[in-house]
Amino acid sequence: MNILFPGPLSAVQDMGRTGHAAQGYPECGACDKYALALGNLLCGNPETAAAIEMTLAGATVQFDQDTVIALTGAACDAKLDGQSIPLNAPMRVPAGATLETGMFTAGLRGYLCVQGGVDVAPVLGSRSTDQKCRIGGLEGRALRKGDHLPIGKPAPGYAFSRAAHAAKVLLDKPWLMRPRTAHAYLGGQVIPLLRAVPGPQDDAFPSESLRTFFSGLYAVTPDSNRMGVKLSGPAVASKNGSDILSDGIVEGSVQISANGQPILMLADHQTTGGYAKIATVIAPDLSAAAQLRPGELAAFRPITAQQAVRLSRETAQQLRYIKELIDHD
Amino acid sequence: MEIDIRPVGACGALAVLGSQISETTGARVAALERAVHRAHIAGITETVPAFASLLVRYDPLRADYDGVSAELRRLAGDIAAGNAHAGRTVDVPVCYGGAYGEDLPAVARHAGLSEEEVIRLHSGRTYRIYMLGFLPGFPYLGGLDERLFTPRRETPRTRIPAGSVGIGGQQTGIYPMESPGGWQLIGRTPLCLFAPGRDLPYAAGDSIRFVPIDAREFEQIAAREREGHA
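Residues numbered from 1 in each chain as written. Chains lettered and ligands numbered in written order. Predicted model: local features only at pLDDT ≥ 70, side-chain atom pairs only at ≥ 80, totals over all residues. Heavy atoms only, no water.

Participant: What's the story with the interface of chain B and chain A in this structure? I'm lost.
Facilitator: Often, the extent of an interface is quoted as the loss of accessible area on bringing the components together. With 40 residues of chain B at the contact, the number on the chain A side is 40 residues. Together, Arg6, Glu46 and Pro136 of chain B form the three largest contributors to the area buried by chain B at its contact with chain A, with a combined 14%. One can count two salt bridges joining chain B with chain A. Salt-bridge contacts for Arg57 of chain B lead to Glu27 of chain A; the nearest nitrogen and oxygen are separated by 3.4 Å. (Contact = heavy atoms within 4.5 Å. Buried area = accessible area lost by both parts, 1.4 Å probe. Salt bridge = Lys/Arg side-chain N within 4 Å of Asp/Glu carboxyl O.)

Participant: Help me understand the packing of aromatic side chains in this model?
Facilitator: Given two aromatic rings, their pairing is described by the distance between the two centres and the angle made by the two planes. Residues and elements named next belong to chain A. A complete count under the given rule lists 15 aromatic pairs over all chains for this structure. Considering the side-chain rings of Phe213 and Phe214, the 4.9 Å spacing of their centres and the 75° angle between planes classify their relative orientation as edge-to-face. Each member of the pair Phe213 and Phe214 is classed as buried. The ring centre of Phe160 lies 4.1 Å from the NZ or CZ of Arg92, which sits over that ring. (Phe/Tyr/Trp six-rings, centres within 6.5 Å; stacked < 30°, edge-to-face > 60°. Buried < 20%, exposed > 50% of the residue type's maximum accessible area, 1.4 Å probe, protein only. Lys NZ or Arg CZ within 6 Å of the ring centre and 35° of its normal.)

Participant: Help me out: how do you make sense of the sheet that holds strand β2 (residues 12-16) of chain B in this one?
Facilitator: Note: strands within a sheet are paired through backbone hydrogen bonds, in either parallel or antiparallel orientation. Residues and elements named next belong to chain B. The strand order across the open sheet built from four strands is β1-β2-β4-β3, with neighbouring strands paired in antiparallel fashion. Across the chains shown, the open sheet's two edge strands, defined by having one partner strand only, are β1 (4-8) and β3 (44-49). Pairwise comparison of adjacent strand axes, ignoring direction, gives a mean angle of 20° for this sheet. Of the strand pairs in this sheet, β3 and strand β4 (residues 53-58) are connected by five bridges, and their pairing is antiparallel. When the bridges of β4 are listed, Glu46 appears paired with Arg57. Helix-sheet contacts for helix α1 (residues 23-39) involve β2, β3 and β4, and the interaxial angle to β3 is about 170°. (Pairing = 2+ DSSP bridges. Helix = DSSP H or I, 4+ residues; strand = E, 2+ residues; numbered from the N terminus. Axes fitted to C-alpha atoms, helices over the stretch in contact; angles between N-to-C directions.)

Participant: How do you make sense of empty space enclosed by the protein when you look at a structure like this?
Facilitator: Empty space among the atoms becomes visible once a probe the size of a water molecule is rolled across them. In total, this model carries four cavities of 30 Å³ or more according to the counting rule given. Estimated volume of the largest cavity: approximately 80 Å³. What lines the largest cavity is Gln23 and Tyr25 of chain A together with Pro136, Gly137, Cys192, Leu193, Phe194, Ala195, Arg198, Asp199, Leu200 and Pro201 of chain B. Its residues assigned to classes, the lining of the largest cavity shows eight nonpolar, two polar and two charged. Size it by volume and the second largest cavity reaches roughly 40 Å³. Every residue along the wall of the second largest cavity is listed here: Gly26, Val29, Ala30, Pro49, Ala50, Arg128, Ile129, Tyr130, Ala204 and Gly205 of chain B. Breaking the lining of the second largest cavity down by element, the ones donating at least two residues are α1 and β6 (126-132) of chain B. In the lining of the second largest cavity, the residues fall into seven nonpolar, two polar and one charged. (1 Å grid on protein atoms, 1.4 Å probe; cavity = no way out; pocket = protein on both sides within 12 Å on 5 of 7 lines; lining within 4 Å. Points joined across faces, edges and corners; volume = space filled by probe spheres on them. Nonpolar A, V, L, I, M, F, W, Y, C, P; charged D, E, K, R; others polar.)

Participant: Before we go on, may I ask you to explain the pattern of salt bridges in this structure?
Facilitator: Two side chains of opposite charge can pair, provided their charged atoms sit close to one another. As enumerated under the stated definition, the model contains 30 salt bridges over all chains in all. Across the pair Glu139 of chain A and Arg141 of chain A runs a salt bridge whose closest N-O atoms are separated by 2.9 Å. A salt bridge links Arg209 of chain B to Asp91 of chain B; the nearest nitrogen and oxygen atoms lie 3.0 Å apart. With Arg209 of chain B in strand β13 (residues 207-213) and Asp91 of chain B in strand β5 (residues 89-96), this residue pair connects regions lying 118 residues apart in the sequence. Judged by its relative accessible area of 40%, Asp91 of chain B falls in the partly exposed class. Linked through salt bridges whose partners overlap, the residues forming this network are Glu53, Arg109, Arg226 and Asp268 of chain A.

Participant: How should helix α3 (residues 207-215) of chain A be read in this particular structure?
Facilitator: Quick reminder: α-helices carry 3.6 residues per turn. Residues three or four places apart thus point the same way. Residues and elements named next belong to chain A. Those residues of α3 that sit buried are Ser209, Phe213 and Phe214. Projected down its long axis, α3 shows its buried positions confined to an angular sector of 125°, all on one face. Looking at α3, the residues exposed on the side facing more than 90 degrees away from the buried face are Arg211 and Ser215. Buried residues along α3 sit against β12 (189-198), β13 (218-220), β16 (253-256), β17 (262-265), β19 (277-281) and β20 (297-302). (Arc of directions from axis to C-beta.)

Structure, rendered in structure tokens:
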């Protein structure tokens, strides 16, 4: 497929370059992994196939072969050869057709999945773009006007009609389109309550700071990016400064920086860091966090590691249910 | 071996093995990491060693926090204090000074030493690799001679060439790839340290020894390295 217009930031992403953190390779991969998995399932791919992640606004893409696509994640009024198409549904695309994704009307990150997946060469087992190390994706960089992306071979046994039926089930049960998360409502705004396991350095903070962190409202600042969501809200004071001996970081780690403000690490996070981490947001809730725009609000809720494992399994089960709808009559 | 285990969301356990940067703690981290890899515990996906801790990541569909913590406690209990893994010592050739290390005169001036003396001190010891991070293959090394402690540059460089060897405060290290940075550059290695898909010549737990070479040797090794990647 050909990129006619890339949008503000579009790049090839899959589920990430895992297993190389000990050597210092960042994970990368889609920030909203549920949206990527859903889009892939709808067009007959393994959940882990590579797609285009688009930020704030979508790309304009021309297809050079007949294929099936699915758009997931951020909301938009996407048009295929001028006709509006639904999100979270498989769409047949004839060779030569042009998809215009346009501005996102809600959410920050959209995914364009294509049957067969985006077939750039994997680096260390992943097709994800790592812009810092300039590896993966297309030449390790964001997409540009005029780029061509190869499409992989479709997996056998895909029935478009079953995928279309699954999309109808999703319309009846819209909660299946996203991981089940907790929300609060404030003046018409939906505020995600990001569930987080306290630690590993919660003991670097006095108990009133933990209460502040788990009760405050935090706004996303404009200097957030794929490395992390920088938040602004009630300052979280540490006991003796927030510097620690550097240790391993995961996607979802919440660092408290020197000024007491939290940074929620996303897919492009560094592998190690020297700020105390007060809590770790669980993977299912990172989908909601990855869709927050600058100015939008979020709050944190404490859960145990045991609850966190259970919630991760529920999310995986939800995707398995959708996969079964698509795989079997 | 004493161990303090903390949860990292739904996918990790952080095993804390000390509170300071020391050879002993570093050896414990390396020993636990080896034990975890040898034990082939179901659901453990990767480990990330650091100065005084080991992050153990697991797949929440195949393992859980309590199970992983119990395994880590059992493995730590089996590691005797004297049973620390020594690691390998890896020679890293470095061409010091000149165009290869433009800040060597500044480091020498700050230390009140000659450039030759700085090279002798820097290449005269082995440095333990506590962890890799910041950039792929960037080693956090312990053991720099106090006389060589030098503050970072006031104005960081926007482009530091791959292979540069520098001093930043109390640390010394190697930039495996081109990057911005504020360290004082004293030399450069011709080794190609950023090569995705090829194993790094070192890992956390190993030690590095810097071996002085001249510009001719630098070019010879650099040519061999390029061939190795062709």
